[in-house]
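Tertiary structure, described
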Amino acid sequence: MKRTLILAASVAMLASTSALAADAVEYVPEAPAAVEMPAAFSWSGPYLGVHGGYGWGSADVDGVGDGDFDGGRFGAFAGYNWEVSNGFVAGIEGDLNYDWNEEEIVAGVDGQTGLSGSVRGRVGFAMDRALIYAAGGWTATNVEVDGGALGSESDTLHGWTLGAGVDYAFTDNMFGRLEYRYNDYSEGDLGGFDVDFDQHVVQVGLGVKF
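One structure accompanies this document, and this report is about it. Within every chain, residues take consecutive numbers counted from 1 along the sequence as written. For this predicted model, a pLDDT threshold of at least 70 governs which residues receive local features, and a threshold of 80 or more governs which side-chain atom pairs are given and counted, while totals over whole chains, interfaces and linings are taken from all residues. Processing note: side-chain calculations cover all non-hydrogen atoms of the structure and skip hydrogens and water entirely.

Attention now goes to the packing of aromatic side chains. Working definition: rings of Phe, Tyr and Trp (its six-membered ring) pair if their centres are within 6.5 Å, and the pair is stacked with planes under 30 degrees apart, edge-to-face with planes over 60 apart, and tilted otherwise. Taken as a whole and judged by the stated rule, the model has twelve aromatic pairs. Ring geometry for Tyr80 versus Trp82: centroids 4.8 Å apart, planes at 45 degrees, classification tilted. Classification of Tyr80 by relative accessible area gives partly exposed; the value is 33%. Ring geometry for Tyr98 and Trp100: centres 5.0 Å apart, planes at 65 degrees, overall edge-to-face. Classification of Trp100 as exposed rests on a relative accessible area of 54%. The cationic tip of Arg122 hangs over the ring face of Tyr133; the distance from NZ or CZ to the ring centre is 4.3 Å. Charge over a ring is defined by NZ of Lys or CZ of Arg lying within 6 Å of the ring centre and within 35 degrees of the ring normal. Sitting over the ring of Phe77, Arg177 keeps its end group 4.3 Å from the ring centre. Type-normalised accessible area, obtained with a 1.4 Å probe on protein chains alone, sets the label of each residue: buried when under 20%, exposed when over 50%, and partly exposed for intermediate values.

Turning our attention to a negative patch on the surface. Among the surface-exposed residues, Asp60, Asp62, Asp66, Asp68, Glu102, Glu103, Asp146, Glu187, Asp189 and Asp194 lie close enough to one another that they form a single negatively charged patch. Secondary-structure elements contributing two or more residues to the negative patch are β2 (65-83) and β8 (174-190). Tracing the backbone through its elements, the reader meets Glu103 in strand β4 (residues 103-106). Patch definition: residues with relative accessible area over 30% and no salt bridge; like charges joined within 9 Å; nonpolar side chains (Val, Leu, Ile, Met, Phe, Trp, Tyr) joined within 5 Å. Here the accessible surface of atoms and residues is derived via Shrake-Rupley with a 1.4 Å probe, and residues count as covered only by protein chains that are part of the display. Each salt bridge in this description consists of a side-chain nitrogen of Lys or Arg and a carboxyl oxygen of Asp or Glu lying within 4 Å of one another. Positive charges come from Lys and Arg alone, negative charges from Asp and Glu alone, with His and the N- and C-terminal ends not counted. Taken as the charge location is NZ of Lys, CZ of Arg, CG of Asp or CD of Glu. Working definition: helices are DSSP H or I runs of at least four residues, strands are E runs of at least two. Numbering for both runs from the N terminus.

In this structure, Glu104 sits in strand β4. Note: C-alpha distance between Glu104 and Asp68 (36 residues apart in sequence) is 8.9 Å.

Okay, structure coming up:
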């Protein structure tokens with residue numbers, strides 16, 4: 001009788017172990033769900049936008065006088081960026097602007113600049129959605145003097161521009177801009193008189209990146 005009980009207990013234990021082993025084999029834990037990481041923001045590609053600000057201009061007309069030509073400005077810009085490794089960004093940009101800055105140089109002689117534009121190379125460093133940059137290149141503006149011995153004369157001055165700024169991407173496609181620029185338009189000829197004009201500009205802008 002005792003042997004029978006021992007045999008029965010052994011069979012029961014063996015059956016229980018086999019069932020647990022079978023359950024262990026049949027249960028396969030589910031793989032953890034993949035976590036998709038957001039794509040890193042890139043400044044590469046074309047863009048365009050509008051900007052506005054204020055310019056502080058200084059003009060000197062040889063033999064006539066000089067004056068400060070300060071006033072608001074509005075314009076548009078377009079360009080292309082290439083983002084290289086380690087956050088380095090290079091690009092090219094062009095803009096077209098209009099300045100409201102008519103002033104009296106001397107009694108009866110008014111001067112102003114109007115349309116201006118530039119083509120600039122840009123280099124910068126991107127910190128995710130913030131891009132700090134410097135830019136420089138060619139610039140030109142139309143200068144007009146009206147009245148006095150000059151009569152009405154105009155000329156297009158060509159020079160150079162240099163500046164710096166920061167672009168910040170609010171979304172993947174829209175960014176804001178704050179920029180300072182110095183424009184040296186060099187010298188031109190107005191009715192036989194030499195005119196020299198330079199300008200400091202601070203402007204803000206809003207752009208769309210494609």
